[in-house]
Amino acid sequence: MKKVEVQTIVNNTLNKIKILDIHTHLFPPQHEKYYLSGLVETLNYHYLIAELFVSTNINIEKFKSLDKLQKAEVVWNELFDKRTPISEACKGVLTILKSLSIPIKDKNFSQINKLYCGLKLTDKEIFKKSNIDSIVMTNNPFNEDEWSIFSSKAWDKKRYRSSLRLDSLMLEFNKSISIAQNFSNETSNKSIQIIDYLELCFQKSQPIYAAISLDTEKFREMLKSDLWKEILKWLLRKNLPLSLMLGVKRGVNKSFDEAGDGIGNIDLKDLSKLCNNYPENKFLVTCLSLNDQHELTVLGRKHQNLKIFGFWWFMNQPSIIEPILKMRIDLLGLSLIPQHSDARITDQLIYKWSHFKKILSSVMIENYEHLIKKNYPLSKEIINRDLNNLLSDNAKNFLRIK
Ligand code: RAT
Ligand code: ZN
C-alpha cells in the first residue's frame, strides 16, 4: 500500500465510523430542563466563561446576573469580536458555525444567532452530522430532579446510554444517605442502605458503568472506606466497571462557579494498589494533569483491569493530545479508548469529534507509514478494524455492551 492510499483510506474510514462517546453531560430533548443545544448555550459553556473572566476586567457578579442570551452576547463580543478567538474552546465555536454554513463576516451576535436558531437543529441531526451512534450521559442518582429522566419512557435509550455518577457519595454524604434511606428496608447499616438504593437505580437506569471524579485526598478516603469496599463488591456483582476521573480540585476559584474548578494532586500508586486489590473489578481511568499521563500509561501496561480513556477537560487541547496520544500508542498499542467528548451542549459534538479525528488521523497515518516501511502488509481491512476499535469497539468490549 502506498502513502497516499493510506491517507485516503484513514480519512475515509474515520468519516464513516459510528462513534460511541463514553462520557458526556448530554441528555435527550425529552428531558427538557437538561437538554442543551444552540448558539446561546454553546457560548455559555463554562470553558468559555473562564476564558472571558480572565481575558477581561468584567465584573463577575454583574455578569452572573445577566440572562443566558445576554451572557452569550457578552462572550461573543469580548472573545470573538474584540479579541481573536484562537483558544481551543473558541475555535470549537467557529468549527460549529462553519460546519453549519453560518457566515460570521460583518455580522453581529444577534444576526448570527438568528441564522443559527433558524436552522432548528435537532439532536438527531447533530448526531448524524458528527457520526455519533450513541453517547453516555452522566446520571447522578442523588440529584432527584435530574434523575427524574428515568421516570419517563419517551426517549431513545439506544442513543442515550446511562452511567451512575457517584461523586455525591464522597462530596455530600449526608444528602446522599438521606435519599438512599427512603428506598431501603434496612434501618441502621448505612452501607446496606446505599447499596439497596444503588441496586434500585441500576434496575431503573441500566447504566453501563459507574463513575466518580476525585483528588488524592478524596481518593484515599474512598479507598479506606467500608462503604466503598461494599460498592466495589456490588459493582463486581453487577459487572459494572468504575470510571475514575482523577486529579480534579473543585472550586479553586469559587467566584467563577462551574468555571472555577482546577487541577488537584493525584498519586497514581493508589490506583495501582486498587487494581491489584480488586483484580476482578474493571477500571476506566483518565487523569486531568499533564504530569500524570506517562505514569498512567505505564500503569495501563501493568493492569489488565485498567483501561485508559480520553483527554479530559484541561487535557483536551490539540497541542497536548497529539504527543500524549502518540506516547499512549507507543506504550499500549491500540488498546485504549482514545477520546470522549465531555460535551455539555449537544452541538459541541460537532467540534469535539472533528477536532479529535483530525489529530487521530495524522497520528495513525504516521504510524501506518512506519509499518509500510517495515514491509508490514497493511490493508484497508486492518485500518478499518483498528479505527473501529479505537472509536467504538474497545469501549464496547471493555464495557461488555453491544
Ligand atoms: O469538562 C467538564 O465539563 C467538567 O466540568 C467536568 O464536568 C468533568 O468533565 C466531570 O465530568 O467532572
Ligand atoms: Zn465530564
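Residues numbered from 1 in each chain as written. Chains lettered and ligands numbered in written order. Predicted model: local features only at pLDDT ≥ 70, side-chain atom pairs only at ≥ 80, totals over all residues. Heavy atoms only, no water.

1. Examining unusual backbone geometry
So, point 1. Here the phi dihedral of glutamine 206 falls at roughly 50°; this positive angle occurs in a residue that is not glycine.
So, point 2. One can find glutamine 206 in the loop between α12 (190-205) and β5 (210-214).
So, point 3. Phi is positive for asparagine 239, which is not a glycine, with a value near 65°.
So, point 4. Tracing the backbone shows asparagine 239 in the loop between α14 (226-237) and β6 (242-246). (Helix = DSSP H or I, 4+ residues; strand = E, 2+ residues; numbered from the N terminus.)

2. What about the coordination of the zinc ion (ligand 2)?
So, point 1. Taken together, His23 (NE2), His25 (NE2) and Asp342 (OD) make up the full set of protein donors to the zinc ion (ligand 2), lying 2.0 to 2.1 Å away.
So, point 2. Read from N- to C-terminus, the donor residues coordinating the zinc ion (ligand 2) fall into the pattern H-x1-H-x316-D. Placement of the pair is histidine 25 in the loop between β1 (19-21) and α2 (39-43) and aspartate 342 in the loop between α17 (318-332) and α18 (348-373), with a sequence separation of 317 residues. (Donors = N, O, S within 2.8 Å, 3.2 Å for Na, K, Ca; no water.)

3. A look at the sheet that holds strand β2 (residues 132-136)
The pairing of strands in a sheet comes from backbone hydrogen bonds and takes either a parallel or an antiparallel form.
So, point 1. The strand order across the open sheet formed by three strands is β1-β2-β3, and the pairing between neighbours is parallel. Edge positions in the sheet fall to β1 and β3 (160-161), since each has one partner strand and no second.
So, point 2. Across the sheet, α18 is in contact with β1 and β2; its angle to β1 comes to roughly 115°.
So, point 3. The strands touched by helix α19 (residues 380-399) are β1, β2 and β3; relative to β1, the strand with the most contacts, the crossing angle is about 55°. (Pairing = 2+ DSSP bridges. Contact = heavy atoms within 4.5 Å. Axes fitted to C-alpha atoms, helices over the stretch in contact; angles between N-to-C directions.)

4. Comments concerning the site of ligand 1
So, point 1. Around ligand 1 sit His23, His25, His46, Tyr47, Arg165, Met245, Arg250, Trp312, Trp313, Asp342 and Arg344, and those are all the residues in its vicinity.
So, point 2. Between ligand 1 and histidine 23, the relevant distance is 3.1 Å, taken from an oxygen atom to a side-chain nitrogen or oxygen of the residue.
So, point 3. Here an oxygen atom of ligand 1 sits 2.7 Å away from a polar atom, N or O, in the side chain of arginine 165.
So, point 4. Across the complex, the protein chains shield 97% of the 310 Å² of accessible surface that ligand 1 would expose by itself. (Near = heavy atom within 4 Å. Polar contact = N/O pair within 3.5 Å; in protein donor to acceptor, adjacent residues only side chain to side chain. Areas by Shrake-Rupley, 256 points an atom, 1.4 Å probe, with all protein chains shown as cover.)

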